[in-house]
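# Notes for the structure review
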Amino acid sequence: MNLLPTATSTDVQELQPRLAVLPVGSFEQHGTYLPLITDTAIACVIAQEITAAYPVHLLPPITVACSHEHAAFPGTVSISARTLYAVIDDIRASLARSGIHKLVIVNGHGGNYVLSNVVQEANVDGPAVSLFPLGPDWDRAREYGGLESDRHADMHAGEIETSILLHATPELVREGYADADHDSRQRPFLLVQGMAEYTQSGVIGFPSLATAAKGKAVLESLRSSFSAHFDVLCRPS
């Protein structure tokens, strides 16, 4: 599966989109069976689902973001929150110069906390930016997909992430997820001590429960949930 957009300039000109979609992921450990690009891949897959159903301009992903809590694990790379903020601000300005004034940020990594601040500040003068999926969007997707775990317990490299990749990009999933469950529901100082304090494997969740069918259903639910975000940004003023 090609995770990058392949539209031409002519395609965009003919579509005349009012809204752009920007996947934001991370480059961080996801145990032994999912790649460092997991969050980026998931953000891209969700963004492609949106693009197939709505008239939007799909942008290439931001592939390195705020993964500082994973710094103890080899391969993880982060940028600062201020850098991520600045990159998105520059992208918004460039889009506006081309006539696109609405943006949806598809976030694949829960540690990208600064994205909520980006959205807050961007909407002071009216709806311009939305963050997707939000917590309720994920909760509906879990219920629709029949997932057995909840969002808190299945935090990282668990049932939902593995299911999405098993459906959309199975070539990225290595053996070992069926035996990698790790339950760490209590993690009060995650932002202080990092992931390594709560998991040796890098996993917090239940990947053994993952199936491609669940991943497909999760994406179907998210595609449907996006309509509310599209409407609030693009409804006539």
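A few points on the structure. (Residues numbered from 1 in each chain as written. Predicted model: local features only at pLDDT ≥ 70, side-chain atom pairs only at ≥ 80, totals over all residues. Heavy atoms only, no water.)

## Describing the packing of aromatic side chains
- For the structure shown, the criterion picks out five aromatic pairs.
- Geometrically, the ring pair formed by Y54 and F226 is edge-to-face, given 5.0 Å between the ring centres and 70° between the ring planes. One end of the pair, Y54, is in the loop between α2 (38–53) and β2 (57–58); the other, F226, is in helix α8 (residues 212–234), and 172 residues separate them in sequence.
- Given a relative accessible area of 0%, F226 falls into the buried group.
- When the ring of Y54 is compared with that of F230, the centres are 5.6 Å apart and the planes differ by 35°; the resulting orientation is tilted. Of this pair, Y54 sits in the loop between α2 and β2 while F230 sits in helix α8, and the two are 176 residues apart along the sequence. Just as Y54 is buried, F230 falls in that class too.
- Here the aromatic residues Y54, F132, F226 and F230 are joined through ring pairs into a cluster of three or more. (Phe/Tyr/Trp six-rings, centres within 6.5 Å; stacked < 30°, edge-to-face > 60°. Helix = DSSP H or I, 4+ residues; strand = E, 2+ residues; numbered from the N terminus. Buried < 20%, exposed > 50% of the residue type's maximum accessible area, 1.4 Å probe, protein only.)

## Quick notes on helix α4 (residues 114–122)
- Looking at α4, one finds that the buried residues are V114, L115, V118, V119 and A122. Seen end-on, α4 carries its buried residues on one side only, within an arc spanning 145°.
- Residues of α4 that are buried make contact with β1 (19–24), α3 (81–97), β3 (102–107) and β4 (129–132). (Arc of directions from axis to C-beta. Contact = heavy atoms within 4.5 Å.)

## Regarding the state of the cysteines
- Under the definition given, this model contains zero disulfides.
- Here C66 is not cross-linked by a disulfide; its sulfur's nearest cysteine counterpart is in C44, at 17 Å. (Disulfide = S-S within 2.5 Å.)

## Some details on the packing of helix α5 (residues 135–145) against α8
- For the pair α5 and α8, the least separation of the axes is 8 Å and the interaxial angle reads 140°. As judged from the angle between their axes, α5 and α8 are oblique. Crossing of α5 against α8: the hand is right-handed. Contacts from D137, W138, R140, A141, Y144 and G145 of α5 reach α8 at K214, A217, V218, E220, S221, L222, S225 and H229.
- When grouped by side-chain class, the residues that make up the contact of α5 with α8 number six nonpolar, four polar and four charged. (Axes fitted to C-alpha atoms, helices over the stretch in contact; angles between N-to-C directions. Parallel < 35°, antiparallel > 145°, perpendicular 65-115°, else oblique. Left-handed = near helix turned anticlockwise from the far one by under 90°. Nonpolar A, V, L, I, M, F, W, Y, C, P; charged D, E, K, R; others polar.)

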